[in-house]
Structure formats: structure tokens, C-alpha cells
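# Per-entry structural report
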Amino acid sequence: NAGVTQTPKFRILKIGQSMTLQCTQDMNHNYMYWYRQDPGMGLKLIYYSVGAGITDKGEVPNGYNVSRSTTEDFPLRLELAAPSQTSVYFCASSYVGAGETQYFGPGTRLLVL
Amino acid sequence: DQQVKQNSPSLSVQEGRISILNCDYTNSMFDYFLWYKKYPAEGPTFLISISSIKDKNEDGRFTVFLNKSAKHLSLHIVPSQPGDSAVYFCAASEKGGNTPLVFGKGTRLSVIA
């Protein structure tokens, strides 16, 4: 049982480039989330999903897109990378309830130059 | 507008003593509260939670106290151990955990041997 896995661990992007951050969970959780954490700040919700085919915006969705075609996978897409998107990105999942105990992946550190 | 506030960015405590981490919230609709612990280069891990129908929840060395009238909760760690050194995030949710979590900025705890 790997829990929540994220790839890549670290990536450097140039301004304007695009990339997809991958997230997979093997706990059969319905809910999945993407957060970003900026230095000295808490976790801010980007998008979340309550099940396959259903996604919803969080607090800071601008500049990101998501899809949820399977229960296990919840990729986060950056279309035109900007320096403001330099951050650490965490994927999480929970079994029931968007506010219930969430299980987090190890994070992806993204640097946009 | 921060709905969940952790006003102490850092805290240092001697090994064996009590650590008290504080959290205030402004949204009176919050009724489910959680504490997460985060080590460097790892994702947050769930520590302990409390529902608004309780004022205290204990799990081993960790106790969370909730004061609804003051919109304040605290996490007590007794006795503190060097392995407790981490960043602690307070989080809150509405509707018994059915809305996305809102996180505070975190408090860095250093337990000195």
C-alpha cells in the first residue's frame, strides 16, 4: 500500500512552459485534492474532486487545470508557467468528506524561472 | 482574510516539558478541527482531530483542547521529544467535515534535547 504518490519530486520550468504534476492513490479514496504551499504560508487548496469525473475549484485555481478520469489518478496541469507558481505542491486524498482526515503525498517542488 | 490563524511562527521547548501550540479561528461555522504534523521534504501527516461537540480529545502524548466561545484550540504535547520537532498545521472544516479544510500557516516546533 503506497498511499499517495506524486511525480516528479522536483522540476524547473521556464516561464510559459507547461507541465503536468501526477498524483496517484491506492487507498480507493473518493476525494482527492491539490494544494500549494508557499514559504511561510499554510496550504492553499487549488482544486479538489469528490469522485471520478467531478472536480471543483478551491481557493487558488487560476493558472491550473485538473481532470479525474479514474478514482486513483488526479493530475494537475499548468498550461503557461509563471514565476508566481513557484511553490511546493501537495496532493492528498480522503475516504469520505472534503474536510475529513486527508492523506498527503510527499510533494512536488516546482521552480519557475 | 485568514480564517484559521496560528500566530506563533515558531516555538522552542526543552525535551520532557510540555509544548502548547495555539490556533484561533474566525469562522463560526467551523465544527471540525484537525492538527497535522509536517517534517521537511515530506507531506503533512494527520495527528489528531476534534469535533465541536467535544472540548477535549486525547491520543497518547497529544491532547487537543477546543474553546468554542473563544474560537480557540490548542495542541498539548506531553512530554515533548526531539522527534516532535516539525511544523504543525491547524486546519478546520464546516458541516462535520464535509467542506474542504482551511489551514493555518503553521508553527515550527523545536524540541531541544
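Each value, and the rule that gives it
Residues numbered from 1 in each chain as written. Chains lettered and ligands numbered in written order. Predicted model: local features only at pLDDT ≥ 70, side-chain atom pairs only at ≥ 80, totals over all residues. Heavy atoms only, no water. Helix = DSSP H or I, 4+ residues; strand = E, 2+ residues; numbered from the N terminus. Rg over C-alpha atoms; globule rule 2.2 N^0.38 Å. Buried < 20%, exposed > 50% of the residue type's maximum accessible area, 1.4 Å probe, protein only. Contact = heavy atoms within 4.5 Å. Areas by Shrake-Rupley, 256 points an atom, 1.4 Å probe, with all protein chains shown as cover. Lys, Arg positive; Asp, Glu negative; His and termini not counted. Charge placed at Lys NZ, Arg CZ, Asp CG, Glu CD. Pairing = 2+ DSSP bridges. Axes fitted to C-alpha atoms, helices over the stretch in contact; angles between N-to-C directions. Salt bridge = Lys/Arg side-chain N within 4 Å of Asp/Glu carboxyl O. Buried area = accessible area lost by both parts, 1.4 Å probe. Polar contact = N/O pair within 3.5 Å; in protein donor to acceptor, adjacent residues only side chain to side chain. Nonpolar A, V, L, I, M, F, W, Y, C, P; charged D, E, K, R; others polar.

## Digging into the overall build of chain B
Counting its secondary structure elements, chain B contains 0 helices and 11 strands. Mapped in sequence order, the helices and strands of chain B form the string β-β-β-β-β-β-β-β-β-β-β. Taking 2.2 N^0.38 as the reference for a compact globule, 113 residues should give roughly 13 Å; the C-alpha atoms of chain B span a radius of gyration of 13 Å, in line with that estimate. Each principal axis of the C-alpha atoms in chain B carries an extent, and together these give about 40 × 25 × 20 Å. Across the 113 residues of chain B, 46% fall into the buried class. For chain B, the share of sequence-separated contacts (at least 6 apart) that also reach a separation of at least 24 residues comes to 55%. Approximately 5400 Å² of chain B is accessible, and the part contributed by carbon and sulfur atoms is 48%. Where the 12 positive side-chain charges of chain B centre and where its 10 negative ones centre are 3 Å apart.

## A short note on the sheet that holds strand E8 (residues 76–78) of chain A
All names here are of chain A. Pairing is antiparallel across the open sheet formed by 4 strands, whose spatial order is E1-E3-E8-E7. At either end of the open sheet lies a strand with only one pairing partner, and these are strand E1 (4–7) and strand E7 (64–66). Pairs of neighbouring strands in the sheet enclose a mean axial angle of 20°, with direction left out of account. The pairing of E7 with E8 spans 3 bridges and is classified as antiparallel. Its bridge partner being in E8, Asn65 is matched across the sheet by Arg77.

## Quick look at the pattern of salt bridges
As enumerated under the stated definition, the model contains 5 salt bridges over all chains in all. Linking Glu79 of chain A and Arg77 of chain A is a salt bridge whose minimum nitrogen-to-oxygen distance equals 3.3 Å. For Arg77 of chain A, a relative accessible area of 29% puts it in the partly exposed group. In this structure, the salt-bridge partner of Asp84 of chain B is Lys37 of chain B, at a minimum N-O distance of 3.9 Å. You can see Asp84 of chain B sitting in the loop between strand E8 (72–77) and strand E9 (86–94) and its partner Lys37 of chain B sitting in strand E4 (residues 30–38), a full 47 residues away along the chain.

## Points about the environment of Ser67 of chain A
Relative to the elements of secondary structure, Ser67 of chain A occurs in the loop between E7 and E8. The partly exposed category is assigned to Ser67 of chain A, whose relative accessible area is 40%.

## Remarks on the interface of chain B and chain A
Residue-level contacts link 20 residues of chain B with 18 residues of chain A. On the chain B side of the interface with chain A, the three residues burying the most area are Pro100, Phe103 and Lys105 of chain B, jointly 31% of the side's total. Taken together, the links from chain B to chain A amount to 0 salt bridges. In this structure, the connection of chain B to chain A is made through 1 residue pair in polar contact (both at pLDDT 80 or more). Secondary-structure elements contributing two or more residues to the side of chain B that touches chain A are E4 and E9 of chain B. It is E4 of chain B that contributes the most residues to the side of chain B that touches chain A, 4 residues altogether. Across the side of chain B that touches chain A, the residue classes break down as 10 nonpolar, 7 polar and 3 charged.

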